[in-house]
Amino acid sequence: MTRIAIVEGDGIGHEVIPVARRVLELLHPEYEYFNVDVGYGEWERTGCPCTDPDIAELKTADAILFGAITTPPMKDYQSVVLRIRKALDLYANLRPIRGDGFDIMIVRENTEGLYSGLEEVMPDRATTLRVVSRKGTERIVRTAIRLSRERGGFLTIGHKANVIKSDVFFRDICIAEARAAAVPFNDKFIDALSLDVLQHPKNYNVIVTTNMFGDILSDVAAYLVGGLGLVPSANIGDHYALFEPVHGSAPDIAGKNIANPIAAIRSAAMMLNYLGDARGSWRIEKAVDAAVSSGICTRDLCGDAGTREFGDAVIACLR
Ligand code: NAD
């Protein structure tokens, strides 16, 4: 029995994930779905945003569908998302940006870099350690090389090696691996790359980069497809996989039934692909396209459909 953990999280996670879940339940009523409640809301209720038993429960799932979690700017609050990514060693964050004439896969290292959690705050100085390890770099660039091959594409290595020593290290390992694998590649400084992706998206196929650069680049590149409400992602490790929209909990629009559920629905499509149902994944993508083409869309895409109503339209297209 395939078991799917559902984590709505906080904010619009409570609105977009139920829509994605309906889509999954329609295509796969035989799966077992179970909720795991973690996040800021849990912290407010119980004083703990994510317990060890929560992590253990997540590990029992074949795949996790995840909404978004609020991380309040409090000194001692540990990010739940980072904790889950580390606990499940979800080292590859895949963020597809697909549009008219371009199909980019951003491959972001997901467990180290500036998000290693090695930080120190003192009265007159704060430090965050940026860790780039050989093991972490090799496994992420090998993932990117495999995807480049599968897509018959081209690999771009994004870095800031002109300034940051840990990026010289990252770039050199990536180049050595790409040469050894004989995949076509180039490398670019991340700042110039961010603008060039917007100006010439057709020149890119697979982009591999470090944790924070990948996080920022994918939000920037979301501009190409209509915003954060549309971009899904997969967090993949050797043993576990978690699928989530790229966006956060969006407190500014939460509870209003106006969030775009496309990113969450597409994350469910990525999940089906991972679970071996490529046709189900394709059907979801087509149903989303059909709903949007029929003129039904949420406010961020200049429509007037609510989150639930857009979900109804996708379900109708699937049926
Ligand atoms: P955000 O992605 O939540 O929102 C940024 C902007 O995009 C907002 O104006 C929001 O209204 C809009 N937006 C986001 N998703 C949308 C959707 N589906 N439909 C329509 N508009 C949408 O980023 P933020 O405001 O920087 O962060 C809010 C909270 O989310 C913070 O606590 C942050 O830490 C958290 N966050 C969590 C994750 C995660 O759980 N993986 C990722 C990013 C941010």
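Cut-off values and rules
- Residues numbered from 1 in each chain as written.
- Predicted model: local features only at pLDDT ≥ 70, side-chain atom pairs only at ≥ 80, totals over all residues.
- Heavy atoms only, no water.
- Helix = DSSP H or I, 4+ residues; strand = E, 2+ residues; numbered from the N terminus.
- Rg over C-alpha atoms; globule rule 2.2 N^0.38 Å.
- Buried < 20%, exposed > 50% of the residue type's maximum accessible area, 1.4 Å probe, protein only.
- Contact = heavy atoms within 4.5 Å.
- Areas by Shrake-Rupley, 256 points an atom, 1.4 Å probe, with all protein chains shown as cover.
- Near = heavy atom within 4 Å.
- Nonpolar A, V, L, I, M, F, W, Y, C, P; charged D, E, K, R; others polar.
- Pairing = 2+ DSSP bridges.
- Axes fitted to C-alpha atoms, helices over the stretch in contact; angles between N-to-C directions.
- Phe/Tyr/Trp six-rings, centres within 6.5 Å; stacked < 30°, edge-to-face > 60°.
- Parallel < 35°, antiparallel > 145°, perpendicular 65-115°, else oblique.
- Left-handed = near helix turned anticlockwise from the far one by under 90°.
- Salt bridge = Lys/Arg side-chain N within 4 Å of Asp/Glu carboxyl O.
- Polar contact = N/O pair within 3.5 Å; in protein donor to acceptor, adjacent residues only side chain to side chain.
- Arc of directions from axis to C-beta.

**Student:** Outline the overall build of the protein, supporting the account with residue identities and numerical values.
**Tutor:** When you go through the protein residue by residue, the secondary structure sums to eleven helices and twelve strands. Computed over the C-alpha atoms, the radius of gyration of the protein is 19 Å, within 12% of the 20 Å expected from 2.2 N^0.38 for a compact globule of 319 residues. Principal axes of the C-alpha set define a box for the protein whose edges measure 50 × 50 × 40 Å. Buried residues in the protein amount to 55% of all 319 residues. Partitioning the contacts of the protein with sequence separation of at least 6, the portion at a separation of at least 24 is 71%. Carbon and sulfur atoms provide 52% of the accessible area of the protein, an area that totals close to 14300 Å².

**Student:** Outline the site of the ligand, supporting the account with residue identities and numerical values.
**Tutor:** Not every one of the 19 residues close to the ligand is listed here, only the nearest: I69, G248, A250, D252 and N260. Across the complex, the protein chains shield 67% of the 810 Å² of accessible surface that the ligand would expose by itself. Looking at the shell around the ligand residue by residue, the class counts come to nine nonpolar, seven polar and three charged.

**Student:** Explain the pairing of strand β7 (residues 125-128) residue by residue, including any values.
**Tutor:** On a regular strand, each side chain points to the face opposite its neighbour's, so the side chains alternate between the two faces of the sheet. Bridge analysis of strand β6 (residues 119-122) against β7 gives four bridges, and the strand direction is antiparallel. Bridge pairing links M122 to R125 in β7. Where β6 folds back on β7, the antiparallel hairpin that results is connected by two residues.

**Student:** Run through the sheet that holds strand β12 (residues 241-245), naming residues and quoting values.
**Tutor:** Pairing is mixed in the open sheet, where ten strands are placed in the order β2-β1-β3-β12-β11-β4-β5-β10-β8-β9. Looking along the sheet, the strands with just one partner apiece sit at the ends: β2 (32-35) and β9 (185-189). Averaged over neighbouring strand pairs, the angle between their axes works out to 20 degrees when direction is ignored. Against the sheet, helix α5 (residues 134-150) makes contact with β4 (92-99), β5 (102-109), β8 (155-159) and β10 (206-209), and its axis sits at roughly 165 degrees relative to β5, the strand it touches most.

**Student:** Could you give me a rundown of the packing of aromatic side chains, with the residues and numbers involved?
**Tutor:** For the coordinates displayed, the defined rule picks out three aromatic pairs. Ring centres 6.2 Å apart and planes at 45 degrees place the aromatic pair Y31 and Y33 in the tilted group. We note that Y31, like Y33, is buried. Here F243 and Y274 contribute two aromatic rings whose centre-to-centre distance is 5.6 Å and whose plane-to-plane angle is 55 degrees, an arrangement assigned as tilted. Note that F243 is positioned in strand β12 and Y274 in helix α9 (residues 262-274), a separation of 31 residues in sequence. Relative accessible area serves as the criterion here: at 36%, Y274 is assigned to the partly exposed category.

**Student:** Would you mind going over the packing of helix α1 (residues 13-27) against helix α11 (residues 307-318) in detail, with residue names and values included?
**Tutor:** Interaxial distance between α1 and α11 falls to 9 Å at its minimum, and their mutual angle equals 15 degrees. Taken as axis vectors, α1 and α11 run roughly parallel relative to one another. Seen from above, α1 lies across α11 with right-handed handedness. Of the residues in α11, those touching α1 at E15, V16, V19, R22, V23, L26 and L27 are T307, R308, G311, D312, V314, I315 and L318.

**Student:** Any details on the pattern of salt bridges? Residues and values, ideally.
**Tutor:** For the structure shown, the criterion picks out 21 salt bridges. One salt bridge in this structure joins E42 and R45, with 2.7 Å as the shortest N-O distance. Taken together, the residues span about one helical turn, with E42 and R45 both in helix α2 (residues 40-46) at a distance of three residues. Since its relative accessible area comes to 61%, R45 is described here as exposed. Close ionic contact of R146 with E150 constitutes a salt bridge, the shortest N to O distance being 3.2 Å. A residue pair is termed a helical-turn pair when its members lie 3 or 4 positions apart in one helix, as R146 and E150 do in helix α5 at four residues. One network of salt bridges, in which partners are shared, links R98, D103, R151, R266, E285 and D289.

**Student:** I'd like a rundown of helix α7 (residues 190-199), residues and numbers included.
**Tutor:** Inspection of α7 places I190, L193, S194, D196 and V197 among the buried residues, and these make up the whole buried set. Looking at the buried side of α7, the elements it contacts are β5, β8, β9, β10 and α8 (211-221).

**Student:** Tell me about the side chain of T209, and name the residues and values.
**Tutor:** Inspection of the secondary structure assignment puts T209 in strand β10. The buried category is assigned to T209, whose relative accessible area is 0%. Within the structure, the side chain of T209 is placed 2.9 Å from the backbone oxygen of G158, a separation counted as a polar contact. T209 has contacts with V107, R108, E109, G158, F170, I190 and G214, leaving out every residue within four places of it along the chain.

**Student:** Kindly report on helix α3 (residues 52-59), identifying the contributing residues and their values.
**Tutor:** For α3, every residue scored as buried is listed here: D54, I55 and L58. Within α3, the buried residues cover an arc of 100 degrees as seen down the axis, which keeps them to one side. With respect to the buried face of α3, the exposed residues turned more than 90 degrees away are D52 and P53. Elements that come into contact with the buried residues of α3 comprise β1 (3-9), β3 (63-68) and α4 (80-87).

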